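# Structural overview
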Amino acid sequence: MSVACSLHGPNLDCGENNMCETCGCNVTHGNAHLVAPGGKLSKTEGGHEAVSLLRGLLNENDQAASHNRTHFDHHGVLAVNLMSAPGSGKTTLLETTIAALGDRLSIAVIEGDLETENDAERIRARGVEAVQITTGSACHLDAHMVHDALHHLDLSSLDLVFIENVGNLVCPASFGLGQHRNVVLLSVPEGDDKPAKYPVMFRAADLVLLSKCDLLPLLDDFKPATARHHLQNLANPAPVIDLSAKSGAGMNHWLEWLDREITTTRQAAPATLDQPAGDISAAGSTP
Amino acid sequence: MHELSVCQALISQVEALARERSAQRVALIRLGIGPLSGVEPQLLVQAYPIASAGTLADGAELVIENLPLRVSCDACGQTTDALPNRLLCAACGDWHTRLVSGDELQLNSVELIKQANDSTRETSLN
């Protein structure tokens, strides 16, 4: 298929996906005429050079995320990005999960917080390695930060890495980290309409945990069915588990989900796990 | 407010392109942003002067095209308009839909000033 690539000339063979193989830009049949010589985007009235790109704005982050993912995949390590509002119980869930699985699985945690090492210390107290990323004023983790954190972990000895994102239902949704799965916590005190209020985040969820469900008898205006309904309105088929890390309710479903995902990740891993995955520093460091 | 980070990523890409093409400056940047991108266009516009200060993209015009939210229905096959928190099929009401458009966060095109004497836009900005 011959498609005009704005960067590499008008007659480049751009492959099945209409994507230029040299630069990765998405010049398609639908827009190729705009950037072809004489097309209205090839030169502007002021004589400036017009360059059509159709490239993701977070291209650099996405590339670093893809690099991280390659490392997780190579070692058959499941990477779970845990996201929620502040105080929804992410760290408590991790503590309980480590207590349940720590004997048979090798787990590590990458902790993202604006300030303090408090959460990482809580994880370390459970005998699990935790790498703290202190983001300062940044409201989310990005793939470069996670990449830097990976330098401190020996993936070849791990089964599961949790990335506990900064407590925030907005910003973390925009930055892929290289994770296999997004798990979003919605705690009962927050209200059952959170998926409707934060559609970008809840649309990205592969699993939703209705946390602190031991409070349901006290906060009876929270209807789990309503939360599920709002999630369905986002066309998201993700499973929803009512869970309390405190009482243990629903923990078995969560652990079963993790086991299934770990099995899937292992099965997809290359057979030669002893081969090096290449230079982990290739994606560069956080600017 | 992650729009500043997004803006910095944008400028990093645009500056790399301008350098690669030996441009003096960036005149204009066109973005396509969907309602489910997670980025608020107005905040991006506010962050732009801060993130671009002192770069080749300083002073460039930022044009944002707001892209429509459209879903395709697996049940009835129709493609219809949708709302960010209601991605149901507008034709049959089914929730088994796929997003056709609306989560884009895209750098569409850039206009570069290449010659030192190409000052048309610089004049209009000053």
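Here is what the cut-offs are and how they apply
Residues numbered from 1 in each chain as written. Chains lettered and ligands numbered in written order. Predicted model: local features only at pLDDT ≥ 70, side-chain atom pairs only at ≥ 80, totals over all residues. Helix = DSSP H or I, 4+ residues; strand = E, 2+ residues; numbered from the N terminus. Rg over C-alpha atoms; globule rule 2.2 N^0.38 Å. Buried ≥ 20, exposed ≤ 12 C-beta atoms within 10 Å, placed from the backbone. Pairing = 2+ DSSP bridges. Axes fitted to C-alpha atoms, helices over the stretch in contact; angles between N-to-C directions. Contact = placed C-beta atoms within 7 Å. Core = buried A, V, L, I, M, F, W, Y, C linked by C-beta atoms within 7 Å. Domains from an automatic or database assignment. Expected span 1.5 Å × (residues − 1). Arc of directions from axis to C-beta.

## Remarks on the overall build of chain B
- In terms of regular secondary structure, chain B is built from three helices and six strands.
- Each helix (α) and strand (β) of chain B, taken in turn from the N terminus, gives the series α-β-α-β-β-β-β-β-α.
- Here the C-alpha radius of gyration of chain B, 18 Å, is well above what a compact globule of 126 residues would show, namely 14 Å.
- Sorting the 126 residues of chain B into buried and exposed places 43% on the buried side.

## A word on the sheet that holds strand 3 (residues 70–73) of chain B
Residue and element names in this part refer to chain B.
- Sheet architecture is open: three strands sit in the order 4-3-5, paired in antiparallel fashion. Of all strands in the sheet, those bounded by a partner on one side alone are strand 4 (79–81) and strand 5 (97–101). Neighbouring strand axes in the sheet, compared pairwise and without regard to direction, differ in orientation by 35° on average.
- As paired elements, strand 3 and strand 4 share three bridges and run antiparallel to each other. By the bridge assignment for strand 4, V71 is matched with T80.

## As for the environment of B:A18
- Within the element layout of this structure, B:A18 appears in helix 1 (residues 3–20).
- Distance from B:A18 to B:D94, taken between C-alpha atoms, is 46 Å for residues 76 residues apart in sequence.

## Remarks on the interface of chain B and chain A
- With 38 residues of chain B in contact, the opposing surface of chain A contributes 33 residues.
- Contributions of two or more residues to the side of chain B that touches chain A are made by helix 1, strand 1 (25–33), strand 6 (105–113) and helix 3 (120–125) of chain B.
- Tallying contributions element by element places strand 6 of chain B first for the side of chain B that touches chain A, with nine residues.
- Across six bridges, strand 1 (residues 49–56) of chain A lies against strand 6 of chain B in antiparallel orientation. By the bridge assignment for strand 6 of chain B, A:S52 is matched with B:S109.

## Here we look at the nonpolar core
- In terms of nonpolar packing, the biggest core is built from 104 residues, with A:I163, A:L210 and B:V26 touching the most fellow members.
- Built from parts of two domains, this core gets at least three residues from each of domain 1 (1–55) and domain 2 (60–268) of chain A.
- In this structure, B:V26 is in contact with B:V14, B:A18, B:L56, B:A57, B:A60, B:V110 and B:L112, ignoring residues within four places of it in sequence.

## Here's the deal with the sheet that holds strand 4 (residues 129–134) of chain A
Residue and element names in this part refer to chain A.
- Strand order in the open sheet formed by seven strands is 4-3-5-2-6-7-8, and the pairing between neighbours is parallel. With one partner strand each, in any of the chains shown, strand 4 and strand 8 (240–242) form the two edges of the open sheet. Each strand of the sheet is rotated relative to its neighbour by a mean of 20°, with strand direction disregarded.
- Pairing geometry for strand 2 (residues 78–83) and strand 6 (residues 181–187), over four bridges, is parallel. Its bridge partner being in strand 6, V80 is matched across the sheet by R181.
- Lying over the sheet, helix 8 (residues 224–233) contacts strand 6, strand 7 (207–211) and strand 8, oriented at roughly 165° with respect to strand 8.
- The strands touched by helix 9 (residues 251–268) are strand 2, strand 5 (160–164), strand 6, strand 7 and strand 8; relative to strand 2, the strand with the most contacts, the crossing angle is about 140°.

## Brief notes about the environment of B:S52
Residues and elements named next belong to chain B.
- Inspection of the secondary structure assignment puts S52 in helix 2 (residues 41–52).
- For S52, a count of 22 C-beta atoms within 10 Å puts it in the buried group.
- Separated by 31 residues in sequence, S52 and R21 place their C-alpha atoms 19 Å apart.
- With near-sequence residues (within four places) excluded, S52 lies in contact with I11, A57, D58 and A60.

## Let's talk about the environment of A:F222
Residue and element names in this part refer to chain A.
- For F222, the location among the structural elements is in the loop between strand 7 and helix 8.
- Using a count of 21 C-beta atoms within 10 Å as the deciding quantity, one classes F222 as buried.
- Linking F222 and D192, residues 30 residues apart in sequence, is a C-alpha distance of 5.4 Å.
- Once you skip the residues sitting within four places of it in the chain, F222 turns out to touch V188, G191, D192 and L216.

## Describing the pairing of strand 6 of chain B
Residue and element names in this part refer to chain B.
- Most of strand 6 is tucked away: nine of the nine residues are buried.
- One ladder, built from eight bridges, connects strand 1 with strand 6; its direction is antiparallel. By the bridge assignment, R30 is partnered in strand 6 with S109.

## Regarding helix 2 of chain B
Residues and elements named next belong to chain B.
- Given a rise of 1.5 Å per residue, 12 residues ought to cover 16 Å, and the 16 Å separating the end C-alpha atoms of helix 2 matches this to within 8%.
- For helix 2, the set of buried residues is L44, A47, Y48, A51 and S52. On an axial view of helix 2, the arc spanned by its buried residues comes to 130°, and they lie on one face. Relative to its buried face, helix 2 has exposed residues pointing more than 90 degrees away, namely Q42, P49 and I50.
- Looking at the packing, one finds that the buried side of helix 2 touches helix 1 and strand 2 (61–66).

## Comments concerning helix 9 of chain A
Residue and element names in this part refer to chain A.
- The first and last C-alpha atoms of helix 9 sit 26 Å apart over 18 residues, in line with the 26 Å expected at 1.5 Å per residue.
- All of the buried residues in helix 9 are W254, L258 and T265. Buried residues in helix 9, looked at end-on, bunch into an arc of 35°, giving them a common side. Pointing more than 90 degrees away from the buried face of helix 9 are the exposed residues N252, E256, R260, T263 and Q267.

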